[in-house]
Amino acid sequence: MSFRLASTIDDALDALASGARPIAGGTDLVVGARHGKAPLPEHLVAIDRLAELRGVCATDSGVAIGALTTHHDIEHDALLGSTWSALADGSALVGSPATRHVGTLGGNVMNSSPAMDTGAPLIVLGAEVELRSTRGSRRVAITDLWTGPGRHRAADDELCTVIHLPAPAAHSGSAYVRLEYRRAMEIAVVGAAANVTLRADGTVECVCVALTAVAPTIVSVTGLDHVAGMSVADAAAAVRSAASAQARPISDVRASDEYRRHTVGVMAGRAVALAQGRG
């Protein structure tokens, strides 16, 4: 095994072009190797000291979050907590306090787990991922990035550098909730994120909902255009029904498919109710 410490982004990109795999917090890569899921890559490049990939920065179009920004920093960031609340919700649920201090948003995104707690929030918030390589850079909508558990459309030599979130609509709020058996060091049995925009009279303008741990990838709930003009309570009921109907969960040691299909509807309804209170 070879190990290289990147001092600049270009240094990291050169290493990736030569076949290395990036490592930052290591909360997925190292833990997976210890549990026998996959051996450590033959070549690693450490990117954890690249300060330019950390931090939250307001932009003209929204906010840019460096890929190395930790879940702890996202959880406690005032701008994200007030304006892009669902992402702060999800980050607060990742692992334990120790995990959140070293685990990064970029690593979470590129791990491509259908049970990740930041994925559904990123979908309903309209996130784009910036990918860089020695060949240039491009943006990919988060909904187009994931193809299955642990799989994505980024090339092997591309590095996730920034996650971009657009500015939310007026009178909108977002939230993420999940069902788990314990509070810390747990993954979602099911989870749901919602982004709700209200009209001046308090009725619903539009709703975006995404579901965690009920399909090979995190999925958006479709067919919600008809909730426009509904009360929040009626919209939440419609979301509950649609989420349960569109979920395609599996049965495993943690829950049956039937239980997941029912409870993801409940979680989706709760996410809508919580999100509208933040609008």
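Caption draft 1: Geometry of helix α11 (residues 257-276). Over its 20 residues, α11 extends 29 Å from the first C-alpha to the last, a length consistent with the 28 Å expected when each residue adds 1.5 Å. Every buried residue belonging to α11 is among Arg260, Thr263, Val264, Gly265, Met267, Ala268, Gly269, Ala271, Val272 and Ala275, and all of these are buried.

Caption draft 2: Spatial organisation of unusual backbone geometry. Phi angles above zero are rare outside glycine, and His171 is one such case at about 60°. Inspection of the secondary structure assignment puts His171 in the loop between β10 (159-166) and β11 (172-179). By relative accessible area, which is 54% here, His171 ends up exposed. A positive phi is found at Ala213, a non-glycine position, where the angle reads about 65°. By the element assignment, Ala213 lies in the loop between β13 (204-212) and β14 (219-220).

Caption draft 3: Spotlight on the sheet that holds strand β1 (residues 2-5). Spatial strand order, β1-β3-β2: 3 strands in an open sheet with parallel pairing. With partners counted over all chains shown, the strands left at the sheet margins are β1 and β2 (21-23), one partner each. Adjacent strand axes in the sheet meet at a mean angle of 30°, parallel and antiparallel pairs treated alike. Judged from the 3 bridges that link them, β2 and strand β3 (residues 43-46) form a sheet pairing that is parallel.

Caption draft 4: Looking closely at the nonpolar core. Within the largest apolar cluster, 34 residues are counted, with the highest numbers of intra-cluster contacts made by Val109, Leu122, Ile142 and Leu165. Those elements that provide at least two residues to this core are β5 (62-66), α5 (85-92), α7 (105-111), α8 (119-124), β6 (128-133), α9 (142-145) and β10. For this core, the element with the most residues is α8, which contributes 4 residues. With sequence-adjacent residues up to four places away left out, Leu165 is seen in contact with Ser61, Gly62, Val63, Ile65, Trp84, Leu87, Leu122, Leu125 and Ala127. Within the second largest apolar cluster, 32 residues are counted, among which are Ala194, Leu198, Val221 and Ala247.

Caption draft 5: Expanded view of the sheet that holds β5. Read across the sheet, 5 strands follow the order β4-β5-β10-β6-β7 without closing on themselves; strand pairing throughout is antiparallel. Either end of the sheet is taken by a strand with one partner, and the two such strands are β4 (56-58) and β7 (136-141). When strand polarity is set aside, the average angle formed by the axes of neighbouring strands in this sheet is 25°. When β6 meets β10, the two strands line up antiparallel, connected through 5 bridges. Bridge pairing in β10 links Val129 to Ile163. Helix α1 (residues 9-17) rests against β6 and β10 of the sheet, and its axis sits at about 75° to β6.

Caption draft 6: Examining the pattern of salt bridges more closely. For the structure on display, the rule yields 12 salt bridges. Residues Arg132 and Asp10 are paired through a salt bridge, measuring 4.0 Å at the closest nitrogen-oxygen approach. On the criterion of sequence distance, the pair formed by Arg132 in strand β6 and Asp10 in helix α1 is long-range, its members being 122 residues apart. Across the pair Arg178 and Glu180 runs a salt bridge, and its minimum N-O distance is 2.6 Å. Members of the salt-bridge network, linked through shared partners, are Asp117, Arg178 and Glu180.

Caption draft 7: Quick look at the state of the cysteines. Considering all chains together, one arrives at 0 disulfides under this definition. Cysteine Cys57 is unpaired, with the sulfur of Cys160 as its nearest cysteine sulfur at 16 Å. Taking relative accessible area as the criterion, Cys57 reaches 45% and is therefore assigned partly exposed. Unpaired in terms of disulfides, Cys208 finds its nearest cysteine sulfur in Cys206, a separation of 5.6 Å.

Cut-off values and rules
Residue positions are given per chain, counting from 1 as you read along its sequence in written order. Only residues with pLDDT of at least 70 get local features here, since the model is predicted, and only at 80 or more are side-chain atom pairs given and counted; chain-wide, interface and lining totals rely on the full set of residues. Water and hydrogen atoms were dropped before computing side-chain values, which therefore reflect all heavy atoms in the structure. Going along the chain from the N terminus, every DSSP run of H or I of four or more residues is numbered as a helix, and every run of E of two or more is numbered as a strand. An expected span of 1.5 Å times one less than the residue number is assigned to each helix. We call a residue buried when its accessible area falls under 20% of the maximum for its residue type, exposed when it is over 50%, and partly exposed in between, using a 1.4 Å probe and counting protein chains only. A pair of strands is considered paired only if DSSP assigns at least 2 bridges between the two. Think of each axis as a best-fit line through the C-alpha atoms, taken over the contacting stretch in the case of a helix, with angles from 0 to 180 degrees between the N-to-C directions. For our purposes a nonpolar core is just a set of buried Ala, Val, Leu, Ile, Met, Phe, Trp, Tyr and Cys residues, chained together by side-chain atoms within 4.5 Å. By definition, residues are in contact when any of their heavy atoms lie within 4.5 Å. Any Lys or Arg side-chain nitrogen found within 4 Å of a carboxyl oxygen on Asp or Glu counts as a salt bridge. In this description, a disulfide is simply a cysteine sulfur pair whose atoms lie within 2.5 Å.

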